[in-house]
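Observations on the three-dimensional arrangement
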Amino acid sequence: MPHEAPSTIALVGNPNAGKTTLFNALTGSNQQVGNYSGVTVSLTAGETFTPHGKKLRVLDLPGCYSLRASSPDEQVTIDALEGRIPGHAKPDLVVCVADASNLERHLSLVLQVIERGFPCVLALNMVDAAEKSGLRLDPQKLSEELGIPVVPIQANAGKGIVQLKQALRHPFPNAAEPVWKTPDADPDASRQAFIRDLCALAARRPDVHQQTTSDRLDALLLHPIYGWIIFLGVMFVVFWAIFSFASVPMGWIESLQGLLAGWVENSMAEGDLRSLIVDGVIAGVGGVIIFLPQIILLFLFIGLLESSGYMARAAFLMDGVMARAGLSGKAFLPLFSSYACAIPGVMATRTIGSAKERLVTIFIAPWMSCSARLPVYFLIVPMLLHEQEGSWKQALVLFAIYALGTLTAFLVAKVLRKRLGPDAGSHFMLEMPPYRPPQWSYILRHVTDRSWSFVKNAGTLILGLSILLWALSTYPKHDGDDPSEALAHSAIGRIGAVIEPVVQPLGFDGRTGTAILTSFAAREVFNSSMAILFRVEETDDDVKTRSLIRDRVAAAKRPDGTPLFTPLSLISLLVFYIYALQCLPTSAVVAREAGSWKWAIGQFLFMSGFAYFASLAVYQTGRLLGF
Amino acid sequence: MSWQTYTAIAIVTLTLLIFLIRFARPKKSGHCGHGCGCDKKHE
Amino acid sequence: MRSLLAADLEIDSTMTLNQVAVGCDVTISMLSGPGCERLRDLGFCEQMRVRKLAGGRNLLCSVCGTRLAISRELAEQVLVSAVG
């Protein structure tokens, strides 16, 4: 009986060969798992169809230079090829993706795959760039010498895909014989000799070194002085752009929120349900959704930087700096990704060869203020500066916040690295892809995926938590007119009273303490909680400034009449949020990547404790100094 | 207690139940709230 | 069959990649050290032509038209000779 299970093909190739672009071209919207900042750190599976209508499972494997298992990436590739990854069958055929301009370097992996006995097809990618640079390619000759089908393609333009699918028709070609293998010679050397001869024959280079546009750009961007200035400039512009461009759409969202709340209030009689909808759901979820424009912009910039090739240059420049922290430039991308979300950042550490460096990077990743903290920062910073959003002062303060988190992280990394001790030398090596115009379809898909996850999260987790918080602050009810008494009587008021002594030395009151507690479920909930907890302080219904929450919180007073939130307590609050680790999913990923829960628990305890004491120190020192 | 209060309390109870169930059962798809795909078992 | 002495002389007359001046083209004559497998995987193979683009803590080189960055320690393991 013929098997109806679809055959599995795997995509293998060097990093930057264009495997993932090919994968997207083959599977289109059928892919199941997304990539992070262009680095495939896990298996992506999808489906495609041959011209004859047969279904094929496609596995996109991490880019690697050889099958030697010198890094976790390569180990995953080897495991996948051997069929050792649960949930994925051993591939029936391997499509080796190679950069046509780089065959001398990319063919080694192809030969190793053939040696392992897999039927192979060689996809020669980026043939357009190769031809343009004067390379003389002879796919026919390559195919003859290698014994496998060779298909020239241009994955980012969708060219050659049909021909590639033709080569994938059933029955699959047989595995080729590794003709270069000689019984007693060193396998590396015989591969190298074969590749050299083959390239001289079928991939002739007119001139070994050419001054390309990328080289000219690198002369400037990697310059020891100008390169750095440009790098810092780029980083600051990215920050500033995110925070100023987003202000207009944020205003729209806020107006929409106000309209919606007003409509509901006018359509319903006063009562608990109305309160649930307006003060619970709309306020709670709105307090998070309003930051969607910023999230979108942040992911957009990260995608742009990575896609254009600039990220690799940044890693090169940062290597020297990161060495002071005991890290290498390879840790730059994971840490930079952590500014968006620590989860993919932690996973991206698989490209780091040194196990100890990897652990340290994972440990400090949460201190790269992730995007979930942005709603909290955006609530507090304008209050601190008494200004509207979008000003350069705010960007500067935000830059300082990020800088503080980053610097502390590096200090801790340095200490931790020393304590872990040196390891078997794993050295810095990095390939710089040529600069290229950003691949918009890829970036937009990436941004859409991540932004949609953010919205979904708001619609589910945040919605649920807002409802529960509303209940906690409404019940048990209190007969009487005084709103603050009613709040004190409710469940959350009582929790707040219990917490108050613990957080008072930090400059917070019971309500803020409660909001902080709730934000351990998800940081954005802090805003929702503040919106709900402070609603009874509302004295003015006209929304003059942009945020209802900020107005109310700023107007909040202590029992003795002094303002609740002085600049000092706001700074103390900011410091707390910079350092607190409040994301259970991150801890789960850390536990998995570090290999044990001990690391995750230790990280949580350390960071929580650090946050508390840092906040304490800031507030108490400030008070001593008279602020 | 008006119908509004009853409805509100019903919604709250439902929400609480959903949370408890999700917490007790190991999450099937998507360990992370932020919807990033994770590798199937690494070991 | 080269004598041992001649082979020694050949090694002495070559330089490591670190010692090459920026902007020079050289040919890799030998790799020696614990990192040579990784170096070969990356593209630094015997008889490959390399142009050194930048030096210092990390080197930037051009091999077959691709820019590659490697650390000083790794570059120390790459022995080169003048193009010829």
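Residues numbered from 1 in each chain as written. Chains lettered and ligands numbered in written order. Predicted model: local features only at pLDDT ≥ 70, side-chain atom pairs only at ≥ 80, totals over all residues.

In this section: the overall build of chain B. Assigned secondary structure in chain B consists of one helix and zero strands. Residue burial in chain B is summarised as follows: out of 43 residues, 19% are buried. (Helix = DSSP H or I, 4+ residues; strand = E, 2+ residues; numbered from the N terminus. Buried ≥ 20, exposed ≤ 12 C-beta atoms within 10 Å, placed from the backbone.)

Time to look at the overall build of chain C. Each helix and strand counted, chain C has three helices and six strands in total. Each helix and strand of chain C, placed in order from N terminus to C terminus, yields the pattern α-β-β-α-β-β-β-α-β. Expressed as a percentage of the 84 residues in chain C, the buried residues total 45%. Once local pairs closer than 6 in sequence are excluded, the contacts in chain C between residues at least 24 apart make up 57%. (Contact = placed C-beta atoms within 7 Å.)

Moving on: the sheet that holds strand β2 (residues 25-31) of chain C. Pairing is antiparallel across the open sheet formed by seven strands, whose spatial order is β9(A)-β5(C)-β4(C)-β3(C)-β2(C)-β6(C)-β1(C). Both edges of this open sheet fall to β9 (429-432) of chain A together with β1 (15-16) of chain C, since each of them pairs with a single strand only. Here β1 of chain C pairs with strand β6 (residues 78-82) of chain C via two bridges, running antiparallel. Bridged to Met15 of chain C within β6 of chain C is Val80 of chain C. Relative to β9 of chain A, helix α13 (residues 310-324) of chain A is tilted by about 145°, and along the sheet it contacts β9 of chain A together with β4 (58-63) and β5 (66-71) of chain C. (Pairing = 2+ DSSP bridges. Axes fitted to C-alpha atoms, helices over the stretch in contact; angles between N-to-C directions.)

All names here are of chain A. Summarising burial for strand β5 (residues 120-125): six of the six residues are buried, a large majority. Alternating positions in β5 separate into two faces, Cys120, Leu122 and Leu124 on one and Val121, Ala123 and Asn125 on the other, with burial throughout. In terms of strand pairing, strand β4 (residues 93-99) meets β5 through six bridges, oriented parallel. When the sheet's bridge partners are listed, Asp99 is paired in β5 with Asn125. In terms of handedness, the path from β4 via helix α3 (residues 103-115) over to β5 forms a crossover that is right-handed. As paired elements, β5 and strand β7 (residues 150-152) share three bridges and run parallel to each other. When the sheet's bridge partners are listed, Leu124 is paired in β7 with Pro152. (Right-handed = clockwise from strand over helix to strand, strands pointing away.)

Turning to the interface of chain A and chain C, a few remarks are in order. Interfaces are often described in size by the accessible area the parts lose on coming together. With 28 residues of chain A in contact, the opposing surface of chain C contributes 29 residues. Of all the secondary structure elements, the ones that give two or more residues to the side of chain A that touches chain C are α3, α7 (187-202), α13 and β9 of chain A. Looking at which element gives the most residues to the side of chain A that touches chain C, the answer is β9 of chain A, with four residues. Summarising the sheet, β9 of chain A and β5 of chain C pair through four bridges and their orientation is antiparallel. Bridge pairing in β5 of chain C links Met429 of chain A to Ile70 of chain C.

Below, the discussion takes up the packing of helix α17 (residues 374-385) of chain A against helix α23 (residues 525-533) of chain A. All names here are of chain A. Where α17 contacts α23, the two axes come as close as 7 Å, and the packing angle between them is 45°. As far as their axial angle goes, α23 and α17 are oblique. Residues Pro375, Val376 and Leu379 of α17 pack against Phe526, Asn527 and Met530 of α23. Across the contact of α17 with α23, the residue classes break down as five nonpolar, one polar and no charged. (Parallel < 35°, antiparallel > 145°, perpendicular 65-115°, else oblique. Nonpolar A, V, L, I, M, F, W, Y, C, P; charged D, E, K, R; others polar.)

For the rest of this paragraph, the subject is the sheet that holds β4 of chain A. Residues and elements named next belong to chain A. The strand order β2-β3-β1-β4-β5-β7 describes an open sheet built from six strands, whose pairing is mixed. Edge positions in the open sheet fall to β2 (44-49) and β7, since each of these has one partner strand only. Shown here is a sheet whose adjacent strand axes are inclined to one another by a mean of 25°, direction ignored. Where α3 meets the sheet, its contacts fall on β1 (7-13), β4 and β5, and the angle it forms with β4 comes to roughly 170°.

The next subject is the nonpolar core. Residue and element names in this part refer to chain A. Of all hydrophobic cores here, the largest spans 200 residues; its most connected members are Cys96, Leu122 and Ala123. Top element by residues in this core is helix α19 (residues 440-474). It accounts for 10 residues. Setting aside residues no more than four positions away along its own chain, Leu122 makes contact with Cys96, Ala98, Val110, Leu146, Ile148 and Val150. (Core = buried A, V, L, I, M, F, W, Y, C linked by C-beta atoms within 7 Å.)

Right, let's talk about the environment of Ile253 of chain A for a bit. Residue and element names in this part refer to chain A. By the element assignment, Ile253 lies in helix α10 (residues 247-267). Counting along the chain gives 139 residues from Ile253 to Trp392, while the straight-line C-alpha distance between them is 22 Å. Those residues within four positions of Ile253 in sequence are excluded, and the remaining contacts are Ile289 and Ile290.

Our next topic: the environment of Trp240 of chain A. Residue and element names in this part refer to chain A. Residue placement: Trp240 occurs in helix α9 (residues 226-245). The exposure class of Trp240 is partly exposed, given the 17 C-beta atoms found within 10 Å. With 152 residues separating them in the primary sequence, Trp240 and Trp392 have C-alpha atoms 7.2 Å apart. When neighbours within four sequence positions are excluded, Trp240 is seen to be in contact with Trp392 and Ala395.

With that settled, consider the pairing of β1 of chain A. Residue and element names in this part refer to chain A. A large share of β1 lies buried, amounting to five of its seven residues. Bridge analysis of β1 against β4 gives five bridges, and the strand direction is parallel. Opposite Gly13, over in β4, you have Val97 as the bridge partner.

To continue, consider helix α27 (residues 597-624) of chain A. Counting along an α-helix, one turn takes 3.6 residues, and residues three or four places apart therefore face a common direction. All names here are of chain A. Compared with an ideal rise of 1.5 Å per residue, which puts 28 residues at 40 Å, α27 spans 40 Å between its outermost C-alpha atoms and is within 8% of the ideal. Listed as buried for α27 are Ala600, Gln603, Phe604, Met607, Ala611, Ser615, Val618 and Tyr619. Buried residues belonging to α27 abut α16 (355-364), α25 (567-579) and α26 (584-594). Two residues or fewer after α27 comes Gly626, characterised by a positive phi angle close to 95°. (Expected span 1.5 Å × (residues − 1).)

Scope: geometric values only; no functional claims are made or implied.
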